[in-house]
Amino acid sequence: MLVRMNVIFGTVILCNLMISLTDGQTAPNTRVVTIVDKLYLIPRDDKSLSGNDKYEGFMKDILDELANEISDLKYNIYLVPDGKYGTKSMVGGKEQWNGMIEEILAKKADIAAAAMTISPDRLKVVDFTESIMSYGVTIMMNKNDAFVVKETPNMTYFFKPFPLITWLLLIVAWILTSILLAIFNRFDPYGWHKRTLRREVTPVTRQGQGFNIYQTLWYTVTGFAMQGGSRWRPISLASRVLSVWWWAFCLITFISYILILILVKPFLSTQSSSAKVSSDSALFKSNLEYGVIESSRTYNFLKNSNNPVHQKMLPKLKFLNSTEEGHELVKQGGFAFIGMSPYLERISRKDKDLVLIGGLLNKGQYGLALPKNSPMKSKLNSAITKMKASGKLEELYNKWWKKEDVKEADEEIDESKLPDTRGIFIMLAIGMAVALLVLLAEILFFKFHGKKSRGNLNTNSHPDDSMMVPLETASK
């Protein structure tokens, strides 16, 4: 009995000990293989740091964000020993991979986190998460070497100096000014209409109508041409005040239009034409040298491309060691660097002597590589989808790919700094208000002093006597 109790007691103690040891254990951290790559993963300058803290970059931030979204994701970063992304080769008739793909296949890593292209060959041996970034192959050149295709002016070219809202406001200003002039002529006691009714003057044509809406529309539209295209001109003080403000409005608008059309817009078109330059085929036909980074994704794209131009470019390719080397050669001139768009877009934004030509030669996606049938795939996909929906992924991209962008050179003109046309419309509105006050003053003046001055108006000819004749003369 005592022996049995000792056995039971010992068994209980052993079970408790095993439970305690089990509770104290933690799941092994996820092994993440990666590669040092500018902006994606960069060693920190602080040598006292250890573990994951030794690195920073776009990919490091993505891993940290994924760890925040997935509670049981704890990871350790290590660099791929051969410094390769993962390419396939045939050795002794057998398919063999290197780089990070080999680390996944050898079960040394659980995730490969880098600018890893999702390709058909890789999908045969590993799984990928949803895309974390898009990319393309593009060509960077010096502006002096670029085959700029000048933008051909089309029918809308002459409308470009002003935005649509400005053109609409100009039409409204023209119609409103014309209506006001017609109203002034109708109600101003010293205008054509009232003076005709008082038999002080008679218009040469269409007795009693004179300066009507038809005439005012034509009169104001000729203001833009600075010509007196209408036989009829305002004769009252209020109408003439409004005419002066309208002519000033037309003059300033005309000067602004010419300034933007001739001096500013062509310059802006030249600056923005970097995206409308020649293609890879024009580069092949030129005498320029061009190159790619050796064993890079760009080289693999050109090598495997079915485009005959790309195949003809292969023998002339110069192999470089880094993006920085390509950047320096392009700056010197006479060289075109073919590379991945995220890098070259950032370089060309900072260095205004460089342009990207031909758009994207191809498009692809980057993703995280995983072993086939990895249980982590669904969790990672869910977290990546959430990051996209919340804008976090875009925020991280902007943090690394758009930071440190230098401001545009002083000589470049920002379209937002073009002349502001709102001021001329405000000026015209003030002129209309002044003219309305003058009209009111004329009405009041005529009401109290009109009878005394009517005799003088009958006998004295108007300064613009070509526009009117005394009634008595017209009746003879």
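Structural data are supplied above this passage.
Model, not experiment: these values are computed from the prediction. (Residues numbered from 1 in each chain as written. Predicted model: local features only at pLDDT ≥ 70, side-chain atom pairs only at ≥ 80, totals over all residues. Heavy atoms only, no water.)

Trainee: I keep staring at the overall build of the protein chain and nothing clicks. Help me out?
Mentor: For the protein chain, the helix and strand inventory stands at 17 helices and 16 strands. Counting only residues that meet the buried cut, the protein chain has 42% of its 476 residues in that class. In the protein chain, 76% of the contacts between residues at least 6 apart in sequence involve partners at least 24 apart. Accessible area of the protein chain: about 27,100 Å², with a carbon and sulfur share of 59%. (Helix = DSSP H or I, 4+ residues; strand = E, 2+ residues; numbered from the N terminus. Buried < 20%, exposed > 50% of the residue type's maximum accessible area, 1.4 Å probe, protein only. Contact = heavy atoms within 4.5 Å. Areas by Shrake-Rupley, 256 points an atom, 1.4 Å probe, with all protein chains shown as cover.)

Trainee: Even after reading the chapter, I still don't get the packing of aromatic side chains, so can you show me in this structure?
Mentor: Aromatic ring pairs are reported here in terms of the distance separating the ring centres and the angle at which the planes meet. Scanning the model with the defined rule gives ten aromatic pairs in all. The interplanar angle of 65° and the centroid separation of 5.8 Å between the aromatic rings of Tyr40 and Tyr343 together place this pair among those described as edge-to-face. Taken together, the residues Tyr40 in the loop between β1 (30-34) and β2 (42-43) and Tyr343 in helix α13 (residues 341-350) connect sequence positions 303 residues apart. Each of the two residues, Tyr40 as well as Tyr343, counts as buried. Judged by centre distance (5.2 Å) and plane angle (75°), the ring pair of Tyr299 and Phe319 falls under edge-to-face. Placement of the pair is Tyr299 in helix α10 (residues 297-304) and Phe319 in strand β12 (residues 318-320), with a sequence separation of 20 residues. Overall, Phe319 belongs to the partly exposed group, its relative accessible area being 38%. The rings of Tyr40, Phe58, Tyr135, Tyr343 and Tyr366 are connected pair by pair, giving a single aromatic cluster. (Phe/Tyr/Trp six-rings, centres within 6.5 Å; stacked < 30°, edge-to-face > 60°.)

Trainee: I'm lost on the layout of surface pockets in this one. Help?
Mentor: If a probe as big as a water molecule is rolled over the atoms, it shows which places are left empty. By volume, the largest pocket is sized at about 1,300 Å³. Around the largest pocket, the lining is made up of 48 residues, and of these Ser295, Ser296, Arg297, Thr298 and Asn300 lie nearest the centre. Contributions of two or more residues to the lining of the largest pocket are made by α4 (120-123), β9 (133-142), α10, β12, α12 (323-332), β13 (335-340), α13 and β14 (354-366). The leading source of residues in the lining of the largest pocket is α10, at seven residues. The class makeup of the residues in the lining of the largest pocket is 18 nonpolar, 18 polar and twelve charged. (1 Å grid on protein atoms, 1.4 Å probe; cavity = no way out; pocket = protein on both sides within 12 Å on 5 of 7 lines; lining within 4 Å. Points joined across faces, edges and corners; volume = space filled by probe spheres on them. Nonpolar A, V, L, I, M, F, W, Y, C, P; charged D, E, K, R; others polar.)

Trainee: How should the side chain of Thr117 be read in this particular structure?
Mentor: Structurally, Thr117 is set in the loop between β7 (111-112) and α4. When residues no more than four places from it in sequence are discounted, the contact partners of Thr117 are Arg122, Phe128, Tyr135, Arg297, Gln365 and Tyr366.

Trainee: Honestly, the packing of helix α5 (residues 164-187) against helix α7 (residues 213-221) in this entry has me stumped. Any pointers?
Mentor: Packed helices, taken two at a time, are described by their axes: the angle between them and the distance between them. Axis separation between α5 and α7 bottoms out at 8 Å; the angle between their running directions is 130°. Judged by the inter-axis angle, α5 sits oblique to α7. Crossing geometry of α5 relative to α7 is assigned as right-handed. Residues Trp174, Thr177, Ser178, Ile179, Leu181 and Ala182 of α5 lie in contact with α7, whose contacting residues are Ile213, Thr216, Leu217, Tyr219, Thr220 and Val221. (Axes fitted to C-alpha atoms, helices over the stretch in contact; angles between N-to-C directions. Parallel < 35°, antiparallel > 145°, perpendicular 65-115°, else oblique. Left-handed = near helix turned anticlockwise from the far one by under 90°.)

Trainee: Explain the pattern of salt bridges to me, please; I cannot follow it from the model alone.
Mentor: Pairing between side chains of opposite charge can happen when the charged atoms of each approach one another. As enumerated under the stated definition, the model contains twelve salt bridges in all. Among the salt bridges present, the one from Asp121 reaches Lys124, with a minimum N-O distance of 4.0 Å. Salt bridges here are not isolated pairs; linked through shared partners, they connect Lys88, Glu95, Asp121 and Lys124. (Salt bridge = Lys/Arg side-chain N within 4 Å of Asp/Glu carboxyl O.)

Trainee: It is not clear to me how a nonpolar patch on the surface should be interpreted in this structure. Could you clarify?
Mentor: Together, Leu164, Ile165, Leu168, Leu169, Ile171, Ile175, Ile179, Ile183, Phe187, Ile213 and Tyr214 give the surface a local cluster of nonpolar side chains, amounting to about 1,100 Å² of exposed area. Contributions of two or more residues to the nonpolar patch are made by α5 and α7. Looking at the nonpolar patch element by element, the count peaks at nine residues for α5. By the element assignment, Ile179 lies in helix α5. Ile179 sits in the partly exposed class, given a relative accessible area of 37%. (Patch = residues over 30% accessible without salt bridge, like charges linked within 9 Å, V, L, I, M, F, W, Y side chains within 5 Å.)

Trainee: Quick question: what am I supposed to make of α12 here?
Mentor: Given 3.6 residues per helical turn, the α-helix brings residues three or four places apart onto the same face. Taken together, the buried positions of α12 are occupied by Thr323, Gly326, His327, Leu329 and Val330. Across the axial projection of α12, the buried residues extend over an arc of 170°, all falling on one side. Trailing α12 by a residue or two, Gly333 shows a phi angle of about 95°, which is positive. (Arc of directions from axis to C-beta.)

Trainee: Would you take a moment to explain the nonpolar core for this structure?
Mentor: Burial of nonpolar side chains together is a common tendency in soluble globular proteins. Of all hydrophobic cores here, the largest spans 51 residues; its most connected members are Tyr40, Phe58, Leu66, Ile338 and Trp401. If you look at the next biggest cluster of nonpolar residues, it comprises 24 residues, including Leu180, Tyr219, Met427 and Leu439. (Core = buried A, V, L, I, M, F, W, Y, C linked by side-chain atoms within 4.5 Å.)

Trainee: Just to check I follow, could you spell out the packing of helix α14 (residues 377-390) against helix α15 (residues 392-401) for this structure?
Mentor: Relative to each other, α14 and α15 sit at 75°, their axes nearing to 5 Å. It follows that α14 is roughly perpendicular to α15 by the angle criterion. Contact residues: Met387, Lys388 and Ser390 in α14; Lys392, Leu393 and Leu396 in α15. Broken down by class, the residue content of the contact of α14 with α15 amounts to three nonpolar, one polar and two charged.

Trainee: Help me understand unusual backbone geometry in this model?
Mentor: Backbone geometry follows two general trends: most residues other than glycine have a negative phi, and most peptide bonds adopt the trans configuration. Phi angles above zero are rare outside glycine, and Lys107 is one such case at about 60°. Secondary-structure assignment places Lys107 in the loop between α3 (99-105) and β7. Lys107 gets classed as exposed once you look at its relative accessible area, which sits at 68%. At Asn373, a position not held by glycine, the phi torsion is positive, near 60°. Relative to the helices and strands, Asn373 is located in the loop between β15 (369-370) and α14.

Trainee: Can you walk me through the environment of Leu259 in this structure?
Mentor: Looking at where Leu259 falls in the secondary structure, it is placed in helix α8 (residues 237-272). When its relative accessible area of 34% is taken as the criterion, Leu259 is described as partly exposed.

Trainee: Would you explain the pairing of β9 in this entry?
Mentor: As a general feature of sheets, a regular strand has side chains that alternate between the two faces. When you tally the buried positions in β9, you get nine out of ten residues, the bulk of the element. Note: β9 against β13, four bridges, orientation antiparallel. Following the sheet pairing, Ile139 is matched in β13 by Ile338. (Pairing = 2+ DSSP bridges.)

No statement about biological role is implied by the geometric values presented.
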